[in-house]
Amino acid sequence: MLLVLWVIATVTFILMNIIPGGPFASEKPLPEAVKRNIEARYRLNDPLWKRYVDYMWNLIRWDLGPSFKYEGRTVNDIINSGFPVSAILGVTAVALALLLGIPAGVLAALKQNKWPDTLAMLAATVGVSVPSFIMATFLMYIFAYKLRWFPAALWGRPSQVVLPALALAGFPAAFFARLTRASMLEVLSEDFIRTAHAKGLSTTAVIVRHALKCALIPIFTYLGPLLAQIMTGSFVIEKIFAIPGLGQHYVTSIYNRDYTVILGVTVFYSILLVTLNFLVDLGYILLDPRIKLTEPSS
Amino acid sequence: MQKRLACLVLALVLIVGGIAGAERAAEQIIRFNIGAEPETLDPAKSTGVPEARIELNVFEGLTRLDENDMPQPAIAESWEISEDGLRYVFHLRKSQWSNGDPVTAHDFEYAWKRALAPETASQYAYQLFYIKNGEAYNAGEITDPSLVGVRALDDYTLEVELEAPTAYFLSLAAFPTLMPVNRKVVEADPEGWFLKPETYVGNGPFKVTKWVHNSYLELEKNPLYWDADSVILDKLVATTIESEDTELVMFETGQLDITNTVSRPEIPRLEREGLLKVIPNLGTYYYIFNCEVEPLNDPRVRKALSMAIDREAITEYVTRAGEIPAFAFVPPGIPDAEPGKDFREVGGDLIEENVEKAKALLAEAGYPDGKGFPTLNILYNTMDMHKAIAEVIQEFWKKNLNIDVRLMNQEWGVYLNSRDEGDFEIARAGWIGDYVDPMTFMDMHVKDGGNNDSNWSDPEHDRLIQLAKSSNDPAVRMQAMHEAEAILMDQLPVMPIYYYVEAFLEKDYVKDVIYSSLGFIDFKYAWVAKH
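Attention in this report is confined to the structure presented alongside it. (Residues numbered from 1 in each chain as written. Chains lettered and ligands numbered in written order. Predicted model: local features only at pLDDT ≥ 70, side-chain atom pairs only at ≥ 80, totals over all residues. Heavy atoms only, no water.)

1. With respect to the overall build of chain A
Convention followed: A helix here means a DSSP run of H or I that spans at least four residues, while a strand means a run of E at least two residues long, and both kinds are numbered starting from the N terminus. As a reference, a globule follows 2.2 Å times the number of residues to the power 0.38, and the radius of gyration itself is taken over C-alpha atoms. We call two residues contacting when some pair of their heavy atoms lies within 4.5 Å. Per-residue accessibility takes into account occlusion by the displayed protein chains alone, with areas from the Shrake-Rupley method and a 1.4 Å probe.
The helix and strand inventory of chain A stands at 13 helices and 0 strands. The helix and strand sequence of chain A, counted from the amino end, reads α-α-α-α-α-α-α-α-α-α-α-α-α. Relative to a compact globule of 298 residues, whose C-alpha radius of gyration would be 19 Å, chain A shows 24 Å and is clearly more extended. Projecting the C-alpha coordinates of chain A onto the three principal axes gives extents of approximately 85 × 65 × 30 Å. Looking at chain A alone, contacts between residues at least 24 apart form 72% of all its contacts between residues at least 6 apart. Accessible surface computed for chain A: about 15200 Å², of which carbon and sulfur atoms make up 69%.

2. Observations regarding the pairing of strand S17 (residues 426–432) of chain B
Residues and elements named next belong to chain B. As a reminder, the rule being used: Under the scheme applied here, a residue whose accessible area is under 20% of the maximum for its type counts as buried, over 50% as exposed, and between as partly exposed, the area being computed with a 1.4 Å probe on protein chains only. DSSP calls a pair of strands paired once it identifies at least 2 bridges connecting them.
When you tally the buried positions in S17, you get 6 out of 7 residues, the bulk of the element. Alignment of strand S13 (residues 276–289) against S17, held across 7 bridges, turns out to be antiparallel. Directly across from Tyr287, in S17, lies its bridge partner Arg428. The pairing of strand S15 (residues 376–381) with S17 spans 2 bridges and is classified as parallel.

3. Quick notes on empty space enclosed by the protein
Residues and elements named next belong to chain B. Heads up, the rule is: Buriedness for pockets is judged along seven lines, at least five of which must meet protein on both sides within 12 Å for an open set on the 1 Å grid over protein atoms alone, while cavities are sets there where a 1.4 Å probe fits but cannot get out, and lining residues have an atom within 4 Å of a point. Grid points are joined across faces, edges and corners, and a volume is the space filled by probe spheres set on the points. Ten residue types, Ala, Val, Leu, Ile, Met, Phe, Trp, Tyr, Cys and Pro, are classed as nonpolar, four, Asp, Glu, Lys and Arg, as charged, and the remainder, Gly among them, as polar.
One pass over the structure, following the stated rule, counts 5 cavities of 30 Å³ or more. Each pocket or cavity is described by its volume, and for the largest cavity that value is around 140 Å³. Along the walls of the largest cavity sit 15 residues, with Leu56, Arg64, Leu65, Phe520 and Asp522 positioned nearest its centre. For the lining of the largest cavity, the leading source of residues is strand S2 (residues 63–65), giving 3 residues. When grouped by side-chain class, the residues that make up the lining of the largest cavity number 8 nonpolar, 3 polar and 4 charged. In this model, the second largest cavity occupies a volume close to 120 Å³.

4. Some points on helix H10 (residues 217–231) of chain A
Each full turn of the α-helix corresponds to 3.6 residues, which orients residues three or four apart in the same direction. Residue and element names in this part refer to chain A. Worth spelling out the cut-off: What a helix should span is 1.5 Å times the count of its residues minus one.
Its 15 residues give H10 an end-to-end C-alpha distance of 21 Å, which sits within 8% of 21 Å, the value for a rise of 1.5 Å per residue. When we look at burial in H10, the residues that qualify are Ile217, Ile219, Tyr222, Leu223, Gly224, Leu226, Leu227, Ala228, Ile230 and Met231. Looking at the packing, one finds that the buried side of H10 touches helix H4 (75–110), helix H7 (159–188), helix H9 (203–215) and helix H13 (259–287). Positive backbone phi, approximately 95°, marks Gly233, located one or two places after H10.

5. Re the interface of chain B and chain A
The cut-off we apply is this: Once two parts are put together, the accessible area they lose, assessed with a 1.4 Å probe and summed over both, is termed the buried area. Salt bridge, as applied in this entry: a Lys or Arg side-chain nitrogen positioned within 4 Å of an Asp or Glu carboxyl oxygen. Polar contact is the term for a pair of N or O atoms within 3.5 Å; when the atoms are in protein, one must be able to donate a hydrogen and the other to accept it, and sequence-neighboring residues count only if both atoms are side-chain atoms.
Chain B puts 50 residues into the contact, and the matching count from chain A is 39 residues. Taken over both partners, the interface formed by chain B and chain A buries close to 3900 Å², and the fraction arising from carbon and sulfur atoms is 56%. Of all residues in chain B, B:Glu39, B:Gln123 and B:Asn214 bury the most surface against chain A, accounting for 16% of the area lost on that side. Where chain B meets chain A, there are 5 salt bridges. Among the ionic pairs, A:Arg257 bridges to B:Glu411, the shortest N-O distance being 2.7 Å. Counting the contacts that link chain B with chain A gives 9 residue pairs in polar contact (both at pLDDT 80 or more). Sorting the residues of the side of chain B that touches chain A by element identifies helix H7 (244–252), helix H14 (412–420) and S17 of chain B as the ones contributing at least two each. In the side of chain B that touches chain A, the residues fall into 20 nonpolar, 19 polar and 11 charged.

6. A closer look at the pairing of strand S10 (residues 206–212) of chain B
Residue and element names in this part refer to chain B. Of the pairings in the sheet, the one linking S10 to strand S11 (residues 216–221) comprises 6 bridges and is antiparallel in character. The partner of Lys207 across the bridge, within S11, is Glu220. Between S10 and S11, which pair antiparallel one after the other, the connecting turn spans 3 residues, and Asn214 there sits at a positive phi close to 60°.

7. Observations regarding the pattern of salt bridges
This model, assessed by the stated rule, comprises 43 salt bridges over all chains. The salt bridge partner of A:Asp54 is A:Lys50, with a shortest N-O separation of 3.5 Å. Separated by 4 residues within a single helix, A:Asp54 and A:Lys50 lie in helix H3 (residues 48–60), roughly one turn from each other. Two residues, B:Arg269 and B:Glu273, come together in a salt bridge whose shortest N-O distance is 3.3 Å. Owing to a relative accessible area of 24%, B:Arg269 belongs among the partly exposed residues under this scheme. One salt-bridge network, held together by shared partners, links B:Arg87, B:Arg151, B:Glu159 and B:Glu161.

Here it is as structure tokens:
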């Protein structure tokens, strides 16, 4: 795990130093003296290897350094203030996606090839194919501009979570629905389902306790990377709804050549991703009786 | 005197207000969008327009710009300028910081020296290079700050010595870099004093009460401001929204009163509805010719290229926000020597468009009907508008001169690097003035100037710029700059295309906001009418 993080940090460090242009380039070039003062202040005139060693050492102590762009703010500070916002939005979106996607998938599987199935799958196809920024603009137009039910943008009140969360939930909800339907259909034809029916269990019990539990495994697998991705924020959604999250920093820091922010948010994302994947692996044991940490001796 | 004037103004406002029938709304709040998260709010270090829009409402310098961008007494009640224009003595009024400390001449001395100090590493330190030894101190050539030409003679008298007579120094005194700062507060937390409302102490009409990063700032009226009686607004909300479409929806649903910009396709509709506001912006959009590259090293070629485009078509059909076709380099909006005259009006148009002449010039340079002309690249930073303009120009050159150019876009940082290293043939560029004087556009083309990316130089042009810089006589200065501009536009190392304007939306109940052609917004006298 640590090896993965080290490789990511190193590759990012090399790549960002290869791109031309620096954090203080501007259309109004600086006098030499001023440029020297700035480079001295941010230690940009140290040799590359020294900056690399310093950076790695600080990384171990989770000191991500000062932002070059935002005066007086550290990268830790930017993550600490942006991540909670993106995380709240992300978790809400995933919860919405699960609430919409799984029932739709179950319904579609149970009524296979009947109209609820067709309808759910049509909605899912639309959800998967429409990119989130189109969804966001569409939602904003309908619910903020036309109906005026929700504020168009900004962050802070619960009503301001609804539209961006819906926009973010579109794709995963559709994906969940298709995934649930497919695995439900597979599980429903298995022998143990027939056994459960034969034992005289009610249909609801069979579906919820046996079929659904198994059918959820692929969803659970997808949940790890999805959470890591969605909790660290979306550049497009945050831009459209003017949300002070972390997602925008992934893109803007590169435009700004804000070296410390580029590295900081990349490493942060990697840690989150690796950790969540690890947790998902652990979660399998609880969900799937077929997976065990140690092989029982036969 | 001041009081009587204030009464008179008040009476006038009441009369005018009465006639117009505009009544003040109960809630005096304006929500405006600054378009980006401020990179810093330390006036010594900030460089951008979003930052200045906050700082100018939180701080006040020796002078403040009025609605015509002319400097008016502010913290300095009056001043004397020596015969040779090198020494200024400012007499400060008794005023207070928002924490109750007195604002003194020492605060100005401290603030200016701090902005110049090498360890501050301010990107805009050059705004103070006009001050004696300012540049040397910034470069570390002298280390004794007492040699820098700014001195508090007593608590309320500030003496400033300049390197050379600088006619626009009083305008510069209203610029964020020259704002005073409260020493006690800054020294307590030099890196972060401006991040927290409790320690962000200013001396202007408003004070910051809340800063939610990447979202919005809240400002409230500063009751300790010396002219607080003139301030009508109770509160300002400054959002940092980047998306044009988002701010438009917010404007139309009442979440915003003033936008930062406006989405081009919506302009005709918004203009019909009377919501569009277009103000001149002190800036020029132009192309740079790399004068070291064949065949652009031939002035006839550069001239032919400049003559063969239709600038009016570009502003009318491509940019569409009311931009002004540029037939010289210095934009309108800068006063000339004679009061009431505009530098651009006096200078007139310096280049012409003429396809026949362009063809003749190109033939003379050895490329009749474009034969043998190499394929050049137009470099621009990735943006739809730049691309659209480049495509139109590509078409004009093909149609009128029968020459081919390729378009090449680069991401902003890469593009700046290419320009800086001279790694281009033709490059798109824009220049926004730093102060209201032609010099902010004219001194960038001198030999080896940091902003001279065309690699062009002309000794006579440089001599005239030097003359304008060292003279204290407005007539001599302006004349020298007119002549220098004529040389520049005859040689055309840069091809002006249009003068910028700023187009944005303002609700009709928002009154008396001062928009400067430098991009600043002053809310000191602003108010909200009943609606």
